[in-house]
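# Working through the structure, step by step
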Amino acid sequence: MGDILTVEQAAARMNMSVRYVRRLVAERRIAFHRIGRSIRLTSADVDAHIAAGRVESLTVSKVWRDVRSVI
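The following refers to the structure shown. (Residues numbered from 1 in each chain as written. Predicted model: local features only at pLDDT ≥ 70, side-chain atom pairs only at ≥ 80, totals over all residues. Heavy atoms only, no water.)

The subject of this paragraph is the sheet that holds strand β1 (residues 4–5). Sheet architecture is open: three strands sit in the order β1-β3-β2, paired in antiparallel fashion. Two strands bound the open sheet, and with one partner strand each, they are β1 and β2 (33–35). Judged from the two bridges that link them, β1 and strand β3 (residues 38–42) form a sheet pairing that is antiparallel. Note on β3: the bridge partner recorded for L5 is L41. Each of β1, β2 and β3 touches helix α3 (residues 43–52); the most contacted strand, β3, lies at about 65° to it. (Pairing = 2+ DSSP bridges. Helix = DSSP H or I, 4+ residues; strand = E, 2+ residues; numbered from the N terminus. Contact = heavy atoms within 4.5 Å. Axes fitted to C-alpha atoms, helices over the stretch in contact; angles between N-to-C directions.)

Rendered as structure tokens:
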């Protein structure tokens, strides 16, 4: 299951604010566990959320290939 993090620890791991992590939880955009009234996130879920937001860089060849497919 991995390390279990509090909201504050998850925010520090993502280098984001606690408010941002709470909004992710409220909008169900990240997996979490409710233990009583507390919210906990696994480090694997936090890492998966970060990886899901990855955007690959563009190269000149990719741009030209996409332009050619439009023409």
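Back to the text.
When helix α1 (residues 7–14) is considered as a whole, its buried residues turn out to be V7, A10, A11 and M14. Seen from one end, α1 has its buried residues packed into an arc of 100°, which puts them on one side. On the buried face of α1, the contacting elements are β1, α2 (18–26), β3 and α3. Looking one or two residues past α1, N15 carries a phi angle of roughly 60°, positive in sign. (Buried < 20%, exposed > 50% of the residue type's maximum accessible area, 1.4 Å probe, protein only. Arc of directions from axis to C-beta.)

Here we come to the pairing of β3. Regular strands have side chains that alternate between both faces of the sheet. Where β2 lies against β3, three bridges are found, and the strand directions are antiparallel. Counterpart to H33 in the pairing with β3 is R40. The turn joining β2 and β3, which pair antiparallel and follow one another in sequence, is formed by two residues; a positive phi near 65° is taken by G36.

Moving on, we come to a nonpolar patch on the surface. Where nonpolar side chains cluster on the molecular surface, the patch consists of L58, V60, V63, W64 and V67 and spans about 500 Å² of accessible area. With respect to the helices and strands, the residue L58 is situated in the loop between α3 and α4 (60–70). (Patch = residues over 30% accessible without salt bridge, like charges linked within 9 Å, V, L, I, M, F, W, Y side chains within 5 Å. Areas by Shrake-Rupley, 256 points an atom, 1.4 Å probe, with all protein chains shown as cover. Salt bridge = Lys/Arg side-chain N within 4 Å of Asp/Glu carboxyl O.)

Take the packing of α1 against α3 next. Following both chains from N to C, one finds α1 and α3 inclined at 40°, their axes separated by 11 Å at the closest point. It follows that α1 is oblique to α3 by the angle criterion. For α1 against α3, the interelement crossing comes out right-handed. The residues of α3 that touch α1, namely those facing A10, R13 and M14, are S43, V46, D47, H49 and I50. Classifying every residue of the contact of α1 with α3 by side-chain character gives four nonpolar, two polar and two charged. (Parallel < 35°, antiparallel > 145°, perpendicular 65-115°, else oblique. Left-handed = near helix turned anticlockwise from the far one by under 90°. Nonpolar A, V, L, I, M, F, W, Y, C, P; charged D, E, K, R; others polar.)

These figures come from the coordinates and say nothing about function on their own.
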